[in-house]
Amino acid sequence: MKALAAELRAVLGPSGVIDEPTRLLPYESDGLAMLAVPPELVCLPRDTRETAAAMRILHRRGVPVVPRGAGTGLAGGATPVRGGVVLSTARMRDVLEVNADDRYARVQAGVVNVDLTSLCQREGLLYAPDPSSQMACTIGGNVANNSGGPHCFKYGATTRHVLGLVIVQHDGEILDLSEPVLDPEDLDLVGLFVGSEGTFGIATEITVRLTPAPPVVEVLLAVFCSLDEACDSVSDIIAARLEPAALEILDQLTIDAVERSVFAAGYPKEAEAVLLVELEGVEADVAAQAKGVLAILQRRSALDVRRARDPLERKKLWAGRKGAFGAMGRIAPDLYVADAVVPRTRLRALVARTVAICRERGLRLATVFHAGDGNLHPNICYDRRDPDEVRRVVEAGHLILAECVAAGGALTGEHGVGLEKLSEMELYFTPADLAAACLARDAWDPARRLNPGKLVPTHACLELRAVPRASPRALPPGGAGAHP
Amino acid sequence: MSPAERTAARLAELLPRECLGRLPARAGWPELPLAAPRELEQWVEVVRYAARERLVLLPVGQGSKLAWRGAPARADLAIATTNWSGVTAFEPGDGTLTARAGTSLAELAETVRATHHLSPEVALPAGTSLGGTLAAGASGLDRLRHGPVRHQVLGLGALLADGSCVKSGGRVVKNVTGYDLHRLWIGSQGTLCLLLEATLRLQPAPASEAVLVVPCASRADALERARALGRTGAQPVAVLAHDRAPDRTWRLAVVLAGREEVVAFELEEARRVLGAHERHEGDGARALRAELRDLERAGGRWSALFLGGRPSGLAAELARLDELALRTGLAFTHLVHPLLASIALWIEGERQAELDAGLRAARFQVRWRERPAELAPAPPPDSPEHALARRLRDAFDPQGLFAPLGTPHVGP
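Residues numbered from 1 in each chain as written. Chains lettered and ligands numbered in written order. Predicted model: local features only at pLDDT ≥ 70, side-chain atom pairs only at ≥ 80, totals over all residues.

Student: I'd like a description of the overall build of chain A, backed by residues and values.
Tutor: For chain A, the count of helices and strands is 16 helices and 20 strands. For 484 residues, the compact-globule estimate of 2.2 N^0.38 gives 23 Å, and the C-alpha radius of gyration of chain A, at 22 Å, lies within 12% of that figure. Along the three orthogonal principal directions, the C-alpha set of chain A runs to about 65 × 60 × 45 Å. (Helix = DSSP H or I, 4+ residues; strand = E, 2+ residues; numbered from the N terminus. Rg over C-alpha atoms; globule rule 2.2 N^0.38 Å.)

Listed below in structure tokens is the structure:
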């Protein structure tokens, strides 16, 4: 490794390589802290050219590479592999171009999501995908995971907003697909790459679509005495073909955690659930939609509906929602953050099932989710020092995913598969489906050196070669590692 | 017995008579035996038979966009979706629909109309299948509002060259489970797999719609008015500039649709920036919208080719085409999406060879829609992008079961 570090330093400079054990510690896991693996080395290239140079060296030496954005992922997608190198985009933070005329921006992969949005605001534009971690997560990480966020209900996930990419391939060759193209005429390589979780290549530059900012935004907070009624309200709003920008539900335990934290938003503590509804557009339409939504909320026995009076109050209501995961550090030493999707007509039944599954196992569940997309985030509280509780959490997590898949849903709506859901991939896909995935993977990276052991179960590829992978999962299949 | 006769005879053993046919010969294409399976097992049987016999299989869907992929160097057997149609799942409450590949776009539209939803709005929906639309990546009139057709697909079922049935994506509106292979398969023109089934995300039907037609003094005038509309808060379904009417004058057509309050706002913005225009509402708007939708195949011909670029560079691209026309004496008509910067081009007369040469010389990146068979396709450029595309095609079809494209990109 010393020789490798020296060779990499020659192309990345002295600050471009980390190999001191204490400085490697922050890189030993992503948000899935349970699966910590110390990396041998971290590379920090500054641009495409340096990334390509580093990748050529790593290719020649046959070293596995784990790409990493800000490390905010929750599925272990950036967990290092033994004998491998972490390639971080932390020093690729330049916004290369904002083209307001053609409504796109070109950024380096390490640009933080919220920074791009802030930069576009002065042009009356926004970058729509807004994961809850947007204060820290990077556009490159969003591309790797096809990230979502509350406003993906209206605008769609990251893949709908990526117009072009510059990708450094496994052998260091640069694939320049940066020209903004909405509708490619040949194979959609960009569309295939988004969501590939670092197994196809390293995206170093990203061209994203910018969206006009809405002239009027209104946020409603509906208060319910039952989680069921909150879920049914969402199903009714969707069935009525109303078009809010976001629909988010928080349950009682989450409300309590938020209100006791720095993210306190003024949610009523006595409520069993609150529903946040954001409406946006032209003034008359927002008013008309609000009327339609209010009628549904009333019919569904909302105890109270509050309208944010000004941008400050609106921001506060959203801060509570976006800070919910962080706030939960107050109610348990550890948190398993699940991520599954269900048909929106089945919200009430599936949310009730997650509650029952946890109750049957004596586990505390805090639920906060993107209700408009049917994207559930059951958050199970536990203490990793209690092996029996850990066992029950693992069991509950698996059962919740199995129920969602059986109901016609999906394993993950926005966190990705990573290491966390490898074993559940066979609940959702057949061996033939997984073998097809391996065809694509091998076309991009024949030696499977890029993020090995992630996303596709290795044995599904009928693979005889030994592929280095992270230590087997012994602890929960999730967990923000939210130690307060 | 000729090879084609042998293939037809063997097919007759595999499939019932109603699943057999012939793909008629046309320019550059020989007559081919045709299989139109009606059961999944039959699809698998035909693919395995073709693979075993090392035949080259030409997926034809229902034939509406065959010209787009061009005549391949070799094809032994055509396979069609004419017996493979129908909606298999419709969840209006969830806004999703799953249908077999041979289902026509008109049938989809009719199915979802009852629940006030919209399916993708592509040209000539009655003769166009879902599978063919997706295989060709053929986005329609609504792509300014809803994005390209690939954005409306939640998941696909496909049959691979080895006879395995696989899926990508799913039936829910948000899903990042596994690779988005469906993004790869859409637009691959049947060179990677056969598309069997697709799940779509439906859009809400508009409560109100209007079509505005603006007579323009010139092309530049049409483009400027379109850009002015783009700078307002209006979000039209479509904005088209064209000179396809019999008098060849330039017109700008704007399709507005949505919630009543939104359309009212957009009409006001349009009135402010577009100047004098005709306004059509109700049945008149719907009829005109259908005409605009089908403009891509006006007169029974797809545009000869299709160019894309950036909105800010559109005027310059069109000017370069003018220079080419002046130099060669070629006459074009155009259908331009100014806010998407795409140009569909028709050529008068049979001078495609001259156009092809002119475009190559002027280094245009274009794709032929209806390329004459006698024009030799250009070899794909040697680039990392094309090398990767080749690796993907080799991975999904190592034996070369699916007929290759006959019309790769023209360009530098």
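Still more ground to cover, so stick around.
Student: Quick one: what's the story with the nonpolar core, residue by residue and with numbers?
Tutor: Membership of the largest hydrophobic core comes to 227 residues, with the highest contact counts inside it found for Val274(A), Leu275(A) and Leu195(B). Residues contacting Leu195(B), with those up to four places away along its chain left out, are Ala101(B), Gly131(B), Leu134(B), Ala135(B), Leu156(B), Ala158(B) and Trp185(B). In this structure, Leu141(B), Leu144(B), Val263(B) and Ile343(B) belong to the second largest nonpolar core, which totals 49 residues. (Core = buried A, V, L, I, M, F, W, Y, C linked by C-beta atoms within 7 Å. Buried ≥ 20, exposed ≤ 12 C-beta atoms within 10 Å, placed from the backbone. Contact = placed C-beta atoms within 7 Å.)

Student: Just give me the short version of the interface of chain B and chain A, but keep the residues and values in it.
Tutor: Each partner contributes to the interface: chain B provides 57 residues, whereas chain A provides 69 residues. Within the residue set of the side of chain B that touches chain A, elements represented by two or more residues are strand E9 (165–169), helix H7 (181–185), helix H9 (260–274), strand E16 (305–308) and helix H13 (384–396) of chain B. Residue contributions to the side of chain B that touches chain A peak at eight residues, all from H13(B). Residue classes in the side of chain B that touches chain A are distributed as 24 nonpolar, 18 polar and 15 charged. (Nonpolar A, V, L, I, M, F, W, Y, C, P; charged D, E, K, R; others polar.)

Student: For the environment of Ala324(A), give the residues involved together with the corresponding values.
Tutor: All names here are of chain A. Structurally, the position occupied by Ala324 is in helix H12 (residues 324–327). Residues Ala324 and Phe263, spaced 61 residues apart in sequence, show a C-alpha to C-alpha distance of 7.6 Å. Beyond its immediate chain neighbours, meaning those up to four positions away, Ala324 contacts Leu250, Thr254, Val258 and Val368.

Student: Any chance you could break down helix H11 (residues 314–328) of chain B for me, citing the residues and the numbers?
Tutor: Residues and elements named next belong to chain B. Between its first and last C-alpha, H11 extends 21 Å over 15 residues, near the 21 Å set by a 1.5 Å rise per residue. Among the residues of H11, Leu314, Leu318 and Leu321 are the ones counted as buried. Looking straight down H11, one finds that the buried residues subtend no more than 55 degrees of arc, so they occupy a single side. Across from the buried face of H11, at angles greater than 90 degrees, the exposed residues are Ala316, Ala319, Glu323, Leu326 and Arg327. Gly329, located one to two residues past H11, shows a positive phi value of around 75 degrees. (Expected span 1.5 Å × (residues − 1). Arc of directions from axis to C-beta.)

Student: I'd love a proper account of the domain arrangement of chain B, names of residues and values included.
Tutor: The accessible area lost on association of the parts is a frequent measure of interface size. The assigned domain composition of chain B is domain 1 (87–204), domain 2 (208–297) and domain 3 (301–368). Look at where the C-alpha atoms of domain 1 of chain B and domain 3 of chain B centre, and you get two points 30 Å apart. (Domains from an automatic or database assignment.)

Student: Report on the environment of Asp171(A), specifying residues and quantitative values.
Tutor: Residues and elements named next belong to chain A. Following the sequence through the fold, Asp171 ends up in the loop between strand E8 (162–168) and strand E9 (174–177). Residue Asp171 is classed as partly exposed on the basis of its 16 C-beta neighbours within 10 Å. Ignoring any residue separated from it by four or fewer positions in sequence, one finds Asp171 in contact with Met55, Arg56 and His59.

Student: Before we move on, could you go through the pairing of strand E6 (residues 104–108) of chain A and cite the residues and values that matter?
Tutor: All names here are of chain A. With five of five residues buried, E6 is to be regarded as a mostly interior element. Relative to E6, strand E5 (residues 95–99) is paired through four bridges, and the arrangement is antiparallel. Pairing of Val95 across the sheet is with Val107, part of E6. Connecting E5 to the next strand, E6, in antiparallel fashion are four residues, including Arg103 with a positive phi near 55 degrees. Here E6 runs beside strand E10 (residues 202–209); their pairing, made up of five bridges, is antiparallel. Residue pairing in the sheet places Val107 in a bridge with Ile206 of E10. (Pairing = 2+ DSSP bridges.)

Student: Give me the lowdown on the sheet that holds strand E2 (residues 41–43) of chain A, citing residues and values where you can.
Tutor: Residues and elements named next belong to chain A. Ordered by their spatial adjacency, four strands build an open sheet running E1-E2-E4-E3, and the pairing between neighbours is mixed. Sheet topology places strand E1 (17–18) and strand E3 (65–68) at the edges, where each strand pairs with a single neighbour. Sheet topology note: the E3/strand E4 (residues 85–88) ladder contains four bridges and is parallel. Pairing of Val65 across the sheet is with Val85, part of E4.

Student: Outline unusual backbone geometry, listing residues and values.
Tutor: A positive phi angle, near 50 degrees, is found at Arg448(A), a position not held by glycine. The residue Arg448(A) is located in the segment after helix H16 (431–444) in this model. Of note, the phi angle at Gln189(B) is positive, near 55 degrees, even though the residue is not glycine. Relative to the helices and strands, Gln189(B) resides in the loop between H7 and strand E10 (194–201).

Student: So what about the confidence of the model for chain B? Which residues, and what values?
Tutor: Residues and elements named next belong to chain B. The pLDDT averaged across chain B works out to 91; a share of 95% of its residues lies at or above 70. Confidence drops under a pLDDT of 50 for residues 407–412, and excluding neighbours within four residues, the segment shows 22 contacts in the predicted structure. The ipTM for the predicted assembly is 0.95, set against a pTM of 0.94. (pLDDT = per-residue confidence, 0-100.)

Student: Lay out the domain arrangement of chain A in plain terms, naming residues and giving numbers.
Tutor: All names here are of chain A. Parsing chain A into structural domains produces domain 1 (2–88), domain 2 (95–212), domain 3 (216–326) and domain 4 (332–406). Taking the mean C-alpha position of each, domain 2 and domain 4 sit 30 Å from one another. Every contact between the two is made by four residues of domain 2 and, on the other side, four residues of domain 4. Taken together, the residues of the side of domain 2 that touches domain 4 break down into three nonpolar, one polar and no charged.

Student: Go over the confidence of the model for chain A, please, and point to the residues and values.
Tutor: Detailed reading of the predicted coordinates is not advisable wherever pLDDT falls low. Of the residues in chain A, 94% reach a pLDDT of 70 or more, and the chain-wide mean stands at 92. Counting interchain partners and residues more than four positions distant, the pLDDT-below-50 stretch residues 463–484 of chain A has 68 contacts.

Student: Give a description of the sheet that holds strand E1 (residues 20–23) of chain B that names residues and reports values.
Tutor: Residue and element names in this part refer to chain B. As summarised here, the arrangement of the four strands in space is E1-E2-E4-E3, forming an open sheet in which the pairing is mixed. Both outer strands of the open sheet, E1 and strand E3 (57–61), are each paired with one neighbouring strand and no more. Neighbouring strand axes in the sheet, compared pairwise and without regard to direction, differ in orientation by 35 degrees on average. Direction of pairing for E3 relative to strand E4 (residues 77–80): parallel, over a ladder of four bridges. Following the sheet pairing, Gly61 is matched in E4 by Ala80. Those strands touched by helix H1 (residues 3–14) are E1, strand E2 (32–35) and E4, and its axis lies near 15 degrees from that of E2. (Axes fitted to C-alpha atoms, helices over the stretch in contact; angles between N-to-C directions.)

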